[in-house]
Amino acid sequence: MSEPVIVIKSHNTKKTEYFDIDKLQKSLIATCRSLKTPDGQAEDIAKSVAAGVAKWAESKQEITTDDIRRVGAKLLTKYHPEAAYLYKQQLTVI
Amino acid sequence: MTPVIVSSFAIITFAAIIHASFQLSVSVLTMLSGHSLGRKTAHRKVLRLMGSFINGSIVATALLLASLSYLLILKINFSTSSEQLVAAIASGLMIGLGIATWAFYYRRGGGTSLWLPRNFARYLNTRTKQTKNSAEAFGLGLTGVFAELLFIIGPMIAAALAIVTLPTVWWQLSGLIIYIIVSALPLLVVFTLVGGGHSVAKIQKWREKHKRFIQFIAGGSLIILAAYLFVDRLLGISVYGVF
């Protein structure tokens, strides 16, 4: 079994956690829902995108939350461009 | 209407427009609506949260402006030289703020990241995400105004100075109400758009696309208001005396 991928949450505090595909999926579902995407469609999109991110992260030992957002947004663009935009923007609205 | 009433209302309205062009509360409100919709919150409840946020913002603005006006009444006490002194300080402050707005109101890069320290921005982000009831949204609205105080203090002092030089309490109250309504207009627009079913992404895209224009207008307007206040309340009083 492969080692769990470590996610660096903040460069300042060096706070880390293990990559959690469910957490990512929930975040993607919430983004799609905020654009009034039907639940089923939001879940399908989130599942596909989260799987893509997990596959990308597989070969890495450490990734950052920014990496997840960047790769997630890129994959999400194929399914829902507006949601991808919002997902990418979430940390740069304020 | 006497010239001083016209000039005071012009200052109040212009100052409120400048206040309205600062974007922190709009950013937080946009995020609040996005997060609430993402949690599958009922549309009516989303609007209630947004309404509470706007009320918080309005109350904070009213309290700040009323307090500043009260302080100026105590300070000025109908003395022309004190009024000139406050006008000079407000003008200088607004020129500085205008340049600061042009220089660093928005951060470089994508999105609409503001000048706020990143830790505080992250804190606001987290608080916005966790806001689930009206009282929290109201508190967030209050916080938004106080967090933006560094930039809105200039136009607020100018408006307070204009308010205290109005002749009667009723005129002063009208000035206060006009400032509050005009400064809350962007929040009311976002509320109406989200209420009408517009996508949060579209609102954010519009904000991102026009952020440099808004920054330029806000900075430029601060400098214009500073110049007007200087001419109207400093040179005007020196040349023509008190109205």
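On a predicted model such as this, the values are computed, not experimentally measured, just so you know.

Draft legend 1. Representation of helix α3 (residues 65-79) of chain A within the structure. Over its 15 residues, α3(A) extends 21 Å from the first C-alpha to the last, a length consistent with the 21 Å expected when each residue adds 1.5 Å. Burial in α3(A) covers these residues: Asp67(A), Ile68(A), Arg69(A), Val71(A), Gly72(A), Ala73(A) and Leu76(A).

Draft legend 2. Geometry of the interface of chain B and chain A. Across the boundary between the two partners, chain B contributes 29 residues, which contact 16 residues of chain A. If you look at where chain B meets chain A, you find one salt bridge. A salt bridge links Lys40(B) to Asp39(A), with the shortest nitrogen-to-oxygen separation between them at 2.6 Å. Viewed at the interface, chain A and chain B are joined by 11 residue pairs in polar contact (both at pLDDT 80 or more). Of the residues belonging to the side of chain B that touches chain A, the class tally is 10 nonpolar, 12 polar and seven charged.

Draft legend 3. Summary view of unusual backbone geometry. In this model, Lys36(A) sits at a positive phi of 60°, which is unusual for a non-glycine residue. Examined against the element boundaries, Lys36(A) turns out to sit in the loop between α1 (21-33) and α2 (39-58). The residue Lys40(B) is not glycine, and still its phi comes out positive at about 65°. In this structure, Lys40(B) sits in the loop between α2 (24-38) and α3 (43-76).

Draft legend 4. Structural detail: the pattern of salt bridges. Summed over the entire model, instances satisfying the criterion amount to eight salt bridges over all chains. The salt bridge partner of Lys23(A) is Glu17(A), with a shortest N-O separation of 3.0 Å. Judged by relative accessible area, which is 28%, Glu17(A) ranks as partly exposed. Arg127(B) is the salt-bridge partner of Glu136(B), the closest N and O atoms lying 3.5 Å from each other. Taking the relative accessible area as the measure of exposure, Arg127(B) reaches 25% and is therefore partly exposed. Among the charged side chains, a salt-bridge network with shared partners connects Arg33(A), Asp39(A), Glu43(A) and Lys40(B).

Draft legend 5. Local environment of the sheet that holds strand β1 (residues 6-8) of chain A. All names here are of chain A. With respect to topology, three strands assemble into an open sheet ordered β2-β1-β3, the strand pairing being mixed. The sheet terminates laterally at β2 (16-18) and β3 (62-64), the two strands that pair on one side only. Recorded for the sheet is a direction-independent mean angle of 35° between the axes of neighbouring strands. Sheet topology note: the β1/β3 ladder contains three bridges and is parallel. Residue pairing across strands places Ile-6 opposite Glu-62, the latter belonging to β3.

Draft legend 6. Expanded view of α2(A). Residue and element names in this part refer to chain A. End to end, α2 covers 28 Å across 20 residues, agreeing with the expected 28 Å (1.5 Å per residue, within 8%). Regarding α2, the residues found buried are Ala-42, Ile-45, Ala-46, Val-49, Ala-50, Val-53 and Ala-57. With its buried residues spanning 125° around the axis, α2 presents them on a single face. In α2, the exposed residues that point more than 90 degrees away from the buried face are Lys-47, Lys-55 and Glu-58. Contact partners of the buried residues in α2: α1, β3 and α3.

Cut-off values and rules
Residues numbered from 1 in each chain as written. Chains lettered and ligands numbered in written order. Predicted model: local features only at pLDDT ≥ 70, side-chain atom pairs only at ≥ 80, totals over all residues. Heavy atoms only, no water. Helix = DSSP H or I, 4+ residues; strand = E, 2+ residues; numbered from the N terminus. Expected span 1.5 Å × (residues − 1). Buried < 20%, exposed > 50% of the residue type's maximum accessible area, 1.4 Å probe, protein only. Contact = heavy atoms within 4.5 Å. Salt bridge = Lys/Arg side-chain N within 4 Å of Asp/Glu carboxyl O. Polar contact = N/O pair within 3.5 Å; in protein donor to acceptor, adjacent residues only side chain to side chain. Nonpolar A, V, L, I, M, F, W, Y, C, P; charged D, E, K, R; others polar. Pairing = 2+ DSSP bridges. Axes fitted to C-alpha atoms, helices over the stretch in contact; angles between N-to-C directions. Arc of directions from axis to C-beta.

This is a description of form; function is not addressed.
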